[in-house]
Amino acid sequence: MAKSFPVMHFDAVIVGAGGAGMRASLQLAEAGLSVAVLSKVFPTRSHTVAAQGGIGASLGNMSEDSWLWHMYDTIKGSDWLGDQDAIEYMCKTAADVVYELEHFGMPFDRNDDGTLYQRPFGGHSANFGQKPVQRACAVADRTGHALLHTLYQRNVRARTQFLVEWMALDLIRDADGDVVGVTALEMETGEAMILHAKATILATGGAGRIFAASTNAFINTGDGLGMVARAGLPLEDMEMWQFHPTGVAGAGILITEAVRGEGGILLNANGERFMERYAPNLKDLASRDVVSRSMDQEIKEGRGCGPHKDYVLLKLDHLGPDVIIKRLPSIREISIKFANADPIKEPIPVVPTIHYMMGGIPTNVHGQVVAPKDGDPNSVVPGLFAVGECACVSVHGANRLGTNSLLDLIVFGRATGNFIVSENLKAAPHKPLPGDAAEASRARLARIDNATSGESVSAVADTLRKTLQAHCGVFRNQGLLSEGGPRAARDAHLDQRSQQDVQHRARRGARAR
Amino acid sequence: MKIESDPNFLDDRQLARIRWRCRRGLLENDLILARFLDAKGATLTEEQVAMLDTLLALTDNELWDLIAGRCEPEASVRPLVDELRIA
Ligand SMILES: Cc1cc2nc3c(=O)[nH]c(=O)nc-3n(C[C@H](O)[C@H](O)[C@H](O)COP(=O)(O)OP(=O)(O)OC[C@H]3O[C@@H](n4cnc5c(N)ncnc54)[C@H](O)[C@@H]3O)c2cc1C
C-alpha cells in the first residue's frame, strides 16, 4: 500500500447524509461552496428514514401554541439537564425551519384551510404543562422519508457532490490540533483517500447498535464518535440513552406508543397488569422512562415471561380484531413477522429497548465542536463541526422529547451551514495537510489487511453489545458500571488499540515540537 | 490472486457487496434481508441476484411495503419477494 493516499480538496466535507448532514450541506452548496457529502449507504437510506412521528414546531395551527411552551416542555423533558440557551434557540427557530421545508416541497399533511396539520404527541403541552397541544408536523407516518427525499433533491439541484458508499475512517488534525479533513475508503474499490477540507462536519447519526437490544438500523454504529475519540477529543453525556419501552423482544423493532393509546396493556408472567402498581393514574400510558423502569423491575424480580423470563407481554386481543386490523395494521404485521405472534390472538413479547443517544460530540449552537483547553471548558476545535444525533448541543439533556430530534437536525444543520458560510471560507486557503495525514488510517488498514489470525469483527461486536446491555441498561449502579467498564474496554480490544494510538500521538507530538 | 469459482454462485466479493447493500435505513428490512442472506446467500443464482439488485434499489418504505404484503410486486421480481416474505 502506498505511503500516503490520493488527495481531493473541498471547501467543506460532511460525513453523513441523514437529515442533519443534508440540511447542512444544502446551506453550504447554495452559498456556492464546494461541498462533498460522504455516506456509507445511499443518502435516502440513512436512518432518518425511520422517523414516523413528526417534527415539533409551535405553529399553533390547531390551537394556540407558543415557542415558550415548547421550550418549557423540552426543558422539563430533559430532566432540567438540557442547555437552556440552546433549547431557546431551537424552539424559537422551529417554525422558520419547518416553513422552509414546506417551501422546499416537503409534502406535509394539511388542514382543510391549507395550513399544516399538527398531531398530538406525548409531552407536548400548552401553557406550561396545563393541557395537551397538537404540535407535531408530519407526512403521514413517513415524515423522515419525506424529509430525506426533499433534502436530497434540493442538494442535487444545488450541486452538492455525494460520495456514496464511502466510509470515513479518521479525522486529520494538524500540529495545532485543527481539523483539516478526513481519510475515507471508497468501499467498492477499497481505495483510500484524503479529503482535504476547510470545514469538516460530522453528521454520522446515533450509536444505538452498540447495545444488544436496539430500535436502530444496523448502520447506526456511532462511527463519528469513534473518529472523535481516536483524535483525542472528549465526548459528552454518553451515559444518557433513551429507552423505548416497547421494542419487540429479540428483534428491537419499535411498537409505537399509539398501541397503548388505543388500550393495549402490559402484563407480567403472572398475568398481572403491573403498571397499575407503578403509576396508578396513567398506568400503561405513563412516560417512556417510567414504563421502561417498571418493566425492567418486573423482569429483575423474576416476573418476566418466556423460558428466560426476560420480557413482558403487550396484550391487545381484548381490543377485538376490528380495532387491531383497522387502526393498528402495521403493528400486527410487525408482530407476526418478528415475534411470531398475531396480536389478535396472543400478546406481543416486548422489552425496554435502546432508542436514542442524547449525548455525543460536544458542540455550541453554531455546530462548532468544543473541548476543554487551557482552562477554557468550551474551547473551539478549529475546522471541526458536528450536527444531528451524533452531536451533543445538549438540547435533549437526560431525555429527548418526542419529535425534537428531527427538529434538532434541521435547526442545527442549518445553523452550522450558516455559520460556516459567514466565515467566508471560499476565499480562505486550505490549511496545509500534516505530513503524516494518512498515517493512522494507513497503519490500521494495513494491520487489518495483513492480519492472518484474530477474532472476527462481528464476534467482538456481539460481545461488546452484550456487555453494554448487561452493565449499562435501564438501571445502573456503581457495581454494575465498575465491572462493565473494563469489560467493555476488553471486548472492544481498546487496551490494545489505544496503546497504538497513544504511541502514534506521542510520535506525532514529538515531531511537532 | 485468481479466484476459481463456480460461475453459478457468487464469489466472496460479490456476496460482500450485496451484504452491504442490504444495510438499510429501516430495521425491519435489515432483519429480513439478513435472515434471507444467512439462509440463502451462499447459493444465490445470477437470476436471484438480478432480482435482489432491483429490489435493493427501491426506497426502504417501498421495499418494506412489498415484504409486508401491503402491495404486490411486478412479475419480474415476484419469485424473490415471495422468498423474502417467508424469510
Ligand atoms: C424507529 C425510530 C423512529 C424515530 N422517530 C422519530 C420521530 O418521529 N421524530 C423525531 O424527531 N425523531 C425520531 N427518531 C430519531 C431520529 O430519527 C434520529 O435521531 C435522526 O434521524 C438522526 O439523524 P442524523 O441525520 O443525525 O443521522 P442518520 O439519519 O442516522 O444519518 C447518518 C448518516 O451518516 C452516515 N455515516 C455514518 N457513519 C459513516 C461513516 N463512517 N462514513 C460515511 N458515512 C457515515 C450514514 O450513511 C448516514 O448517511 C426516531 C428514531 C427511530 C430509531
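Thresholds, definitions, all that
- Residues numbered from 1 in each chain as written.
- Chains lettered and ligands numbered in written order.
- Predicted model: local features only at pLDDT ≥ 70, side-chain atom pairs only at ≥ 80, totals over all residues.
- Heavy atoms only, no water.
- Helix = DSSP H or I, 4+ residues; strand = E, 2+ residues; numbered from the N terminus.
- Expected span 1.5 Å × (residues − 1).
- Buried < 20%, exposed > 50% of the residue type's maximum accessible area, 1.4 Å probe, protein only.
- Contact = heavy atoms within 4.5 Å.
- Near = heavy atom within 4 Å.
- Polar contact = N/O pair within 3.5 Å; in protein donor to acceptor, adjacent residues only side chain to side chain.
- Nonpolar A, V, L, I, M, F, W, Y, C, P; charged D, E, K, R; others polar.
- Pairing = 2+ DSSP bridges.
- Axes fitted to C-alpha atoms, helices over the stretch in contact; angles between N-to-C directions.
- Parallel < 35°, antiparallel > 145°, perpendicular 65-115°, else oblique.
- Phe/Tyr/Trp six-rings, centres within 6.5 Å; stacked < 30°, edge-to-face > 60°.
- Lys NZ or Arg CZ within 6 Å of the ring centre and 35° of its normal.
- Salt bridge = Lys/Arg side-chain N within 4 Å of Asp/Glu carboxyl O.
- Buried area = accessible area lost by both parts, 1.4 Å probe.

What follows is about helix α11 (residues 404-422) of chain A. Residue and element names in this part refer to chain A. Here α11 contains 19 residues, and its C-alpha end-to-end distance of 26 Å stays within 8% of the 27 Å for a straight helix at 1.5 Å per residue. Most of α11 sits out of view: 16 of its 19 residues are buried. Phi turns positive one or two residues past the end of α11, at Asn424, with a value near 55°.

Mapped onto the elements, Thr48 of chain A comes out in the loop between β2 (35-39) and β3 (55-56). Leave out the neighbours within four places in its chain, and Thr48 of chain A touches Gly18, Gly19, Gly144, His145, Leu147, Leu148, Leu406 and Leu409 of chain A.

Let us look at the site of the ligand. Residues and elements named next belong to chain A. Surveying the vicinity of the ligand reveals 39 residues, the closest of which are Ser46, Thr48, Gly53, Glu389 and Leu406. Within the contact set of the ligand, an oxygen atom lies 2.5 Å away from a side-chain nitrogen or oxygen of Thr48. Counting only elements with at least two residues in the shell around the ligand, the list comes to α1 (19-30), β2, β7 (166-173), β13 (348-357) and α11. A per-element tally of the shell around the ligand places α11 first, with four residues. Its residues assigned to classes, the shell around the ligand shows 15 nonpolar, 20 polar and four charged.

So, on to the sheet that holds strand β12 (residues 312-315) of chain A. All names here are of chain A. Spatially, four strands are ordered β10-β13-β12-β11 in an open sheet, and the strand pairing comes out antiparallel. In the strand order of this sheet, the two ends are held by β10 (241-248) and β11 (265-267), each with one partner. Between one strand axis and the next, the sheet turns by 45° as a mean value, whatever way the strands run. Note that β10 and β13 share six bridges and pair antiparallel. From the neighbouring strand, Trp241 faces β13, where its bridge partner is Met357.

Before going further, it helps to examine the packing of helix α13 (residues 457-471) of chain A against helix α14 (residues 478-491) of chain A. Residue and element names in this part refer to chain A. The contact between α13 and α14 brings their axes to 9 Å, and the two run at 170°. By the criterion of interaxial angle, the relationship of α13 to α14 is roughly antiparallel. Here Val460, Thr463, Leu464, Thr467, Ala470 and His471 of α13 come into contact with α14, specifically with Leu480, Leu481, Glu483, Gly484, Arg487, Ala488 and Asp491. Here the contact of α13 with α14 is built from residues that sort into six nonpolar, four polar and three charged.

Moving on, we get to the pairing of β12 of chain A. Residue and element names in this part refer to chain A. Bridging between β11 and β12 involves three bridges; their strand directions are antiparallel. Across the sheet, residue Ile265 finds its bridge partner in β12, namely Lys315. In terms of strand pairing, β12 meets β13 through three bridges, oriented antiparallel. Of the residues in β13, the one forming a bridge with Leu314 is Ile348.

All names here are of chain A. Read across the open sheet, the three strands follow the order β3-β5-β4; overall the sheet is antiparallel. Taken across any chain shown, the strands that pair with only one partner, and hence form the sheet edges, are β3 and β4 (118-126). Bridge count between β4 and strand β5 (residues 131-137): five bridges; the pairing is antiparallel. The partner of Gln118 across the bridge, within β5, is Cys137.

The next subject is the packing of aromatic side chains. How two aromatic rings sit relative to each other is given by the distance of their centres and the angle of their planes. Counted according to the given criterion, the structure contains eight aromatic pairs over all chains. When the centroid spacing of 5.9 Å and the interplanar angle of 25° are considered together, the rings of Phe338 of chain A and Trp64 of chain B count as stacked. In this pair, Phe338 of chain A is assigned in helix α10 (residues 329-339) and Trp64 of chain B in helix α4 (residues 60-67), connecting two distinct chains. Trp64 of chain B carries the same exposure label as Phe338 of chain A, and that label is buried. Taken together, Phe42, Tyr152 and Phe162 of chain A form an aromatic cluster joined through their ring pairs. The ring of Tyr356 of chain A has Arg400 of chain A lying over it, and the distance from NZ or CZ to the ring centre is 4.3 Å.

The next thing to look at is the environment of Gly56 of chain A. Residues and elements named next belong to chain A. Position of Gly56 relative to the elements: it lies in strand β3. Sequence separation between Gly56 and Asp408 is 352 residues; the distance between their C-alpha atoms is 9.6 Å. Beyond its immediate sequence surroundings of up to four residues, Gly56 is in contact with His70, Ala94, Arg135, Ala136, Thr403 and Leu407.

Under the definition given, this model contains 42 salt bridges over all chains. In this structure, Lys431 of chain A engages Asp174 of chain A in a salt bridge whose closest nitrogen and oxygen atoms are separated by 2.7 Å. Within this pair, whereas Lys431 of chain A is found in the loop between α11 and α12 (439-450), its partner Asp174 of chain A is found in the loop between β7 and β8 (179-186), the two being separated by 257 residues in sequence. In this structure Lys431 of chain A comes out as partly exposed when scored by relative accessible area, which is 29%. Looking at Asp174 of chain A, the relative accessible area reads 10%, which means it is buried. Salt-bridge contacts for Glu276 of chain A lead to Arg273 of chain A; the nearest nitrogen and oxygen are separated by 3.8 Å. Owing to a relative accessible area of 41%, Glu276 of chain A belongs among the partly exposed residues under this scheme. One salt-bridge network, held together by shared partners, links Asp141, Arg142 and Glu333 of chain A together with Asp65 and Arg70 of chain B.

The interface is formed by 30 residues belonging to chain A together with 27 residues belonging to chain B. Summing both partners gives a buried area of about 2400 Å² for chain A against chain B, and 56% of it is carried by carbon and sulfur. When the buried surface of chain A facing chain B is broken down by residue, Arg45, Phe218 and Lys337 of chain A rank first, second and third, together holding 30% of it. Counting across the interface, chain A meets chain B through five salt bridges. The partner of Arg21 of chain B in a salt bridge is Glu188 of chain A, and the shortest N-O contact between them spans 3.4 Å. Secondary structure elements with two or more residues in the side of chain A that touches chain B: α4 (143-157) and α10 of chain A. A total of five residues in the side of chain A that touches chain B trace back to one element, the largest contributor, which is α10 of chain A. Along the lines of polarity and charge, the residues of the side of chain A that touches chain B split into 12 nonpolar, 10 polar and eight charged.

Residue and element names in this part refer to chain A. Its place among the elements puts His124 in strand β4. Its relative accessible area of 3% is what places His124 among the buried residues. At 3.3 Å, the side chain of His124 and the side chain of Thr403 are in polar contact. When sequence neighbours within four positions are dropped, the list of residues in contact with His124 reads Asp73, Lys131, Pro132, Val133, Arg135, Ala136, Leu401, Gly402 and Thr403.

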